[in-house]
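As a plain string of letters, each chain reads:
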Amino acid sequence: MKPMVLALVLFEVIAFPLLLIWVLSTNSPTAITLLIVVSLGGSLGLGALIMCGTWNPVMRQWPPLDPAPDAVRRNFQSFSLGLVNLGLSVHVAADDHFLHLRPARLIRLMGAVSTSIPWSAMEPMAGRRGTAVKLGVHTLIGPRWCMELVAPNSD
């Protein structure tokens, strides 16, 4: 997938300025349509490049497992890992042993992998009110309902 993603981004870098010049000089409907198509393709390519370069290297160390039948599940939750912000794009299941993250279909099409992170691999971060944990050197931020399961408040 990476060669295709790189080709798509390279195509975007070359085609976008040329099409923009064409649109500005002729105001052709064909040129406008091509500019929109190239822009959308380039945006998806950049998203895929970001997934392959940031989300996947961290999450691949914990392969996805099936959640326990009694797992708490919520869809379309927001998570971020470093500069990657998957707002309303992650389906979550939390059971006794793992936090299961499955990106939404569009994000998976861009190459993001699913993961099952063991609770023992997460370290709560002080001062973040139960929304952020450390995964080694990386910071994972998610909804309070599941991130507080790492170390529930003693309040």
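Scroll up to find the structure this text is about.
Keep in mind it's a predicted model, so treat the numbers as computed, not measured.

Parameters and conventions
Residues numbered from 1 in each chain as written. Predicted model: local features only at pLDDT ≥ 70, side-chain atom pairs only at ≥ 80, totals over all residues. Heavy atoms only, no water. Helix = DSSP H or I, 4+ residues; strand = E, 2+ residues; numbered from the N terminus. Rg over C-alpha atoms; globule rule 2.2 N^0.38 Å. Buried < 20%, exposed > 50% of the residue type's maximum accessible area, 1.4 Å probe, protein only. Contact = heavy atoms within 4.5 Å. Areas by Shrake-Rupley, 256 points an atom, 1.4 Å probe, with all protein chains shown as cover. Lys, Arg positive; Asp, Glu negative; His and termini not counted. Charge placed at Lys NZ, Arg CZ, Asp CG, Glu CD. Core = buried A, V, L, I, M, F, W, Y, C linked by side-chain atoms within 4.5 Å. Pairing = 2+ DSSP bridges. Axes fitted to C-alpha atoms, helices over the stretch in contact; angles between N-to-C directions. 1 Å grid on protein atoms, 1.4 Å probe; cavity = no way out; pocket = protein on both sides within 12 Å on 5 of 7 lines; lining within 4 Å. Points joined across faces, edges and corners; volume = space filled by probe spheres on them. Nonpolar A, V, L, I, M, F, W, Y, C, P; charged D, E, K, R; others polar. Salt bridge = Lys/Arg side-chain N within 4 Å of Asp/Glu carboxyl O.

Q: An account of the overall build of the protein is needed here, citing residue identities and associated values.
A: Helix and strand counts for the protein stand at four helices and seven strands. Traced from its N-terminal end to its C-terminal end, the protein shows the element sequence α-α-β-β-β-α-β-β-β-β-α. What you see for the protein is a C-alpha radius of gyration of 19 Å, clearly larger than the 15 Å of a compact globule of 155 residues, by over 25%. By its C-alpha atoms, the protein is 65 × 30 × 25 Å across when sized along the principal axes. Scored against the burial criterion, the 155 residues of the protein give a buried share of 41%. Sequence-distant contacts, at least 24 apart, represent 45% of the contacts inside the protein between residues at least 6 apart. Accessible surface computed for the protein: about 9,200 Å², of which carbon and sulfur atoms make up 65%. The centroid of the 11 positive side-chain charges in the protein is displaced by 9 Å from the centroid of its 8 negative side-chain charges.

Q: Please set out the nonpolar core residue by residue, giving values where relevant.
A: If you look at the biggest cluster of nonpolar residues, it comprises 30 residues, and the most contacted ones within it are Trp55, Met59, Phe79, Leu99, Leu101 and Leu140. Among the nonpolar cores identified, the runner-up in size contains six residues, and Ala15, Leu19, Leu35 and Val38 belong to it.

Q: Can you explain the sheet that holds strand β5 (residues 123-124)? Please cite residues and give values.
A: Strand pairing in a sheet takes place through backbone hydrogen bonds and is either antiparallel or parallel in direction. Read across the open sheet, the seven strands follow the order β4-β3-β2-β1-β7-β6-β5; overall the sheet is antiparallel. At either end of the open sheet lies a strand with only one pairing partner, and these are β4 (115-118) and β5. Against the sheet, helix α2 (residues 29-59) engages β1 (72-81), β2 (84-94), β3 (98-103), β4, β6 (132-135) and β7 (138-141), with an angle of about 35° to β2.

Q: Give a description of the layout of surface pockets that names residues and reports values.
A: In this structure, the largest pocket spans a volume of roughly 160 Å³. The set of elements that each furnish at least two residues to the lining of the largest pocket consists of β1, β2, β3 and β4. A class-by-class count of the residues in the lining of the largest pocket yields six nonpolar, six polar and three charged.

Q: With reference to specific residues and values, describe the side chain of glutamine 77.
A: The residue glutamine 77 is located in strand β1 in this model. Apart from residues lying up to four places away in sequence, glutamine 77 is in contact with Leu86, Gly87, Leu88, Ser89, Val90, Val92, Pro143 and Trp145.

Q: Residue-level account of the pattern of salt bridges, with values.
A: Inspection of the entire model under this criterion finds one salt bridge. The closest approach of N and O atoms between glutamate 148 and arginine 144, which form a salt bridge, is 3.6 Å. The exposure class of glutamate 148 is partly exposed, given its relative accessible area of 24%. Of the residues examined, arginine 144 reaches a relative accessible area of 34% and is grouped as partly exposed.

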